[in-house]
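Report on the structure
As a plain string of letters, each chain reads:
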Amino acid sequence: MATSAAGPVVIIGSGIIGQGWAMLFASGGLKVKLYDIEQQKITNSLENIRKEMKSLEQLGSLKGALSAPQQLSLISGCWDLREAVEGAIHIQECVPEDLELKRKVFAQLDLLAGDDVVLASSTSCLLPSRLFAGLAHVRQCIVAHPVNPPYYIPLVELVPHPQTAPSTVDRTYALMQKIGQSPVRVLKEIDGFALNRLQYAVIGEAWRLVQEGIVSPGDLDLVMSNGLGLRYAFLGPLETMHLNAEGMLSYCDRYGEGMTRILRTFGPVPAFSGATAEQVHQAMCAKVPDDPKHLAARRQWRDECLRRLVQLKHEVPPE
Ligand code: NAI
């Protein structure tokens, strides 16, 4: 039987992200309590997690040192918020992306939480200064933004409120490392944090290239999946620069002027609607029809690719 000395981690909201976090924390040997406003969702989530862990174990991709039954024994559903948060070391909020709803949940947690628990939000884009404003336990609050699916993509962006205690950031950082995730510190809050700002820069230019008739939607995606993306699974854009010349300064010297010239030609922010949206929609649907069955099958394929990529990243020599 798996045991864990530390107090439990509590997941608030047992949807896609809540389930991913529950599996990750259990993989690190931590007790997990799964809470949701809808009881049936907890039951369904526990069943999903059971099936997912069994399948991962069969594929040899289960994370952590414990078996699937051991990890499952660490996760329990909880129908009462007060009971769920009692003795918790870390609470990970995963309710839908709605500022008022999240503020309501954090106000409830603020009343129930002791002085030693970290209150973390999975929000993709709500700013900590708005999310945690006025909370008595603001020093214990932090955004810990995962990437979907968190079980395969280890990055977690840690974004503090201006009043978050440094010890809250450090504790969350250490906890993420303990469960095999890859935390990064976003030192000051900014809309989109770091990941979505990079992602939207790429999407924005992809859209403009299609809109201006430079490249078809299908070929645009190939530029990433058969080009830049292969490299970016292992190296960031800055290290790529460093390696593509005789070091960073040599790269800036050789290519800086060209980069600046090309960046100046980038157009205005697209509206993501109208004729280009229709063109991209049709191209995407020709490849993957947008009904639930085809989308689910393609997501399964995506997850399988990510699972194998993660395995490869573990096999190659450490960085
Ligand atoms: P989801 O809709 O799959 O799950 C939300 C869950 O919260 C549902 O089970 C719902 O019943 C529950 N819930 C609603 N109100 C509640 C309350 N007051 N107390 C407790 N539970 C409540 O949502 P998903 O996709 O899991 O997203 C959760 C958070 O994670 C959002 O903030 C989202 O922006 C963020 N996120 C989502 C990613 C994604 O790709 N799905 C990626 C990274 C972050």
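Quick caveat, the model's predicted, so the values are computed rather than measured.

1. Quick look at the packing of aromatic side chains
Scanning all chains against the criterion turns up five aromatic pairs. Residues W21 and F25 carry aromatic rings whose centres are separated by 5.4 Å and whose planes lie at 20° to one another, so their mutual orientation is stacked. With W21 and F25 both in helix α1 (residues 16–27) and four residues apart, the pair spans about one turn of that helix. Both residues of the pair, W21 and F25, belong to the buried class.

2. What about the sheet that holds strand β2 (residues 32–35)?
One open sheet accounts for eight strands, arranged β3-β2-β1-β4-β5-β6-β7-β8; its pairing is mixed. Edge positions in the open sheet fall to β3 (75–78) and β8 (182–185), since each of these has one partner strand only. Strand-to-strand twist in this sheet, taken as the mean axis angle between neighbours without regard to direction, amounts to 25°. Where strand β6 (residues 141–146) lies against strand β7 (residues 155–160), five bridges are found, and the strand directions are antiparallel. Looking at β7, one finds that A144 is bridged to L158. The sheet contacts of helix α2 (residues 39–59) involve β2 and β3, and relative to β3 the element is tilted by about 170°. Helix-sheet contacts for helix α5 (residues 99–112) involve β1 (9–12), β4 (90–93) and β5 (118–121), and the interaxial angle to β5 is about 170°.

3. Regarding the UniProt feature "site: Important for catalytic activity" (unreviewed entry) in the protein chain
As annotated in UniProt, the feature "site: Important for catalytic activity" (unreviewed entry) corresponds to H145 in the numbering used here. Residue position: H145 is located in strand β6.

4. Looking at the domain arrangement of the protein chain
Assigned domains within the protein chain: domain 1 (9–185) and domain 2 (195–287). The centre of domain 1, based on its C-alpha atoms, is set 33 Å off from the matching centre of domain 2.

5. Quick notes on the environment of V316
Within the fold, V316 resides in the segment after α13 (292–315). When the C-alpha positions of V316 and A233 are compared, they lie 12 Å apart, and in sequence the two are 83 residues distant.

6. As for the nonpolar core
Of all hydrophobic cores here, the largest spans 33 residues; its most connected members are I11, W21, F25 and M53. In terms of residue count, α1 provides more of this core than any other element does, six residues in total. In this structure, I11 is in contact with G18, W21, A22, F25, V32, K33, L34, Y35, Q92 and C94, ignoring residues within four places of it in sequence. Grouped together as the second largest cluster of nonpolar side chains are 27 residues, C78, V95, L131 and V186 included.

7. Regarding the site of the ligand
In the vicinity of the ligand lie 23 residues, with I17, D36, E97, K102 and S124 positioned nearest. Between the ligand and the protein, one listed contact pairs an oxygen atom with a backbone N or O atom of V95 at 3.3 Å. In the model, an oxygen atom of the ligand is placed 2.5 Å from a nitrogen or oxygen of the E97 side chain. Compared with its free state, where it exposes 840 Å², the ligand has 80% of that area covered by protein. Looking at the shell around the ligand, the elements with two or more residues in it are α1, α5 and β6. Here the element with the most residues in the shell around the ligand is α5; it accounts for three residues. Each residue belonging to the shell around the ligand can be placed in one class, and the counts come to eleven nonpolar, eight polar and four charged.

8. Remarks on the pairing of β1
Residue alternation in β1 divides its side chains into two sets, V9 and I11 and V10 and I12, and both sets are buried. Sheet topology places β1 next to β2; four bridges connect them, and they run parallel. Paired with I12 across the two strands is Y35, which belongs to β2. Taking the sense of rotation as the criterion, the β-α-β connection linking β1, α1 and β2 turns out right-handed. The pairing of β1 with β4 spans four bridges and is classified as parallel. By the bridge assignment for β4, I11 is matched with Q92.

Scoring rules and cut-offs
Residues numbered from 1 in each chain as written. Predicted model: local features only at pLDDT ≥ 70, side-chain atom pairs only at ≥ 80, totals over all residues. Heavy atoms only, no water. Phe/Tyr/Trp six-rings, centres within 6.5 Å; stacked < 30°, edge-to-face > 60°. Helix = DSSP H or I, 4+ residues; strand = E, 2+ residues; numbered from the N terminus. Buried < 20%, exposed > 50% of the residue type's maximum accessible area, 1.4 Å probe, protein only. Pairing = 2+ DSSP bridges. Axes fitted to C-alpha atoms, helices over the stretch in contact; angles between N-to-C directions. Contact = heavy atoms within 4.5 Å. UniProt positions renumbered as here; feature names shortened; annotations may be inferred. Domains from an automatic or database assignment. Core = buried A, V, L, I, M, F, W, Y, C linked by side-chain atoms within 4.5 Å. Near = heavy atom within 4 Å. Polar contact = N/O pair within 3.5 Å; in protein donor to acceptor, adjacent residues only side chain to side chain. Areas by Shrake-Rupley, 256 points an atom, 1.4 Å probe, with all protein chains shown as cover. Nonpolar A, V, L, I, M, F, W, Y, C, P; charged D, E, K, R; others polar. Right-handed = clockwise from strand over helix to strand, strands pointing away.

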